[in-house]
Amino acid sequence: MIRKESVVYSADNSGAKFLKCIDVLKKRSTLATVGDTVLVLVKKFVHRKKLKKKIVYFGLLVTTKQNVRRLDGTIIKFCTNRILVFSKQFKFLGTRIYGGISKDIRSKLNFGSIDKKKYQKII
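Sequence order as written defines the numbering, with residues in each chain counted from 1. Selection of residues for local features in this predicted model requires a pLDDT of at least 70, selection of side-chain atom pairs for listing and counting requires 80 or more, and totals for whole chains, interfaces and linings are taken over all residues. Excluded from the side-chain calculations are hydrogens and water; all other atoms, namely the structure's heavy atoms, are used.

Enquirer: Explanation requested: the pattern of salt bridges in the structure shown.
Expert: Oppositely charged side chains are able to pair whenever their charged atoms sit close together. A side-chain nitrogen of Lys or Arg and a carboxyl oxygen of Asp or Glu constitute a salt bridge if their distance falls within 4 Å. Using the criterion set out here, one finds two salt bridges in the structure. With a closest N to O distance of 3.3 Å, Asp36 and Lys26 form a salt bridge. On the criterion of sequence distance, the pair formed by Asp36 in the loop between β2 (16-24) and β3 (37-45) and Lys26 in the loop between β2 and β3 is long-range, its members being ten residues apart. With a relative accessible area of 7%, Asp36 lands in the buried category. Strands are runs of DSSP state E lasting at least two residues, helices are runs of H or I lasting at least four, and both sets are numbered from the N terminus onward. Partly exposed describes any residue whose relative accessible area lies between the buried limit of under 20% and the exposed limit of over 50%, with all areas from a 1.4 Å probe on protein chains only and scaled to the type maximum.

Enquirer: Just checking my understanding: could you explain the sheet that holds strand β4 (residues 56-63) for this structure?
Expert: Here the rule is simple: two strands pair whenever DSSP picks up at least two bridges between them. If you walk around this closed barrel you meet the five strands as β1-β2-β3-β4-β7, and the pairing is mixed. Within the sheet, the average angular offset between the axes of one strand and its neighbour, ignoring direction, is 55°. As paired strands, β3 and β4 are joined by five bridges and run antiparallel to one another. When the bridges of β4 are listed, Leu41 appears paired with Val56. Inter-axis angles, ranging from 0 to 180 degrees, are taken between N-to-C directions of lines fitted to C-alpha atoms, where helices are fitted over the stretch in contact.

Structure (structure tokens):
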């Protein structure tokens, strides 16, 4: 689970090392789980990439340390909290994704709306 002011790792090669969650884009909730969109700021980055500090980016949460219970009863737990970085137009800023990604992202996203267009490259 991710809250405001949480520090998370990047799961792609966009140039960010550490990101800080500043808001959870979820109705009536302050906690983000796998598959949720958050607003993030870059805290530490590689200088030769296109990311900059003091600019707000969107992020898709792909793994969490907290246990995630699936509908079939299995429990999934990862070692770190990891996020994929998107621009304000929901364009994926990396070219590769490092590590595993939970398949709960597919079931969590609403395929009938614009969310499918946002995350088509990831899915």
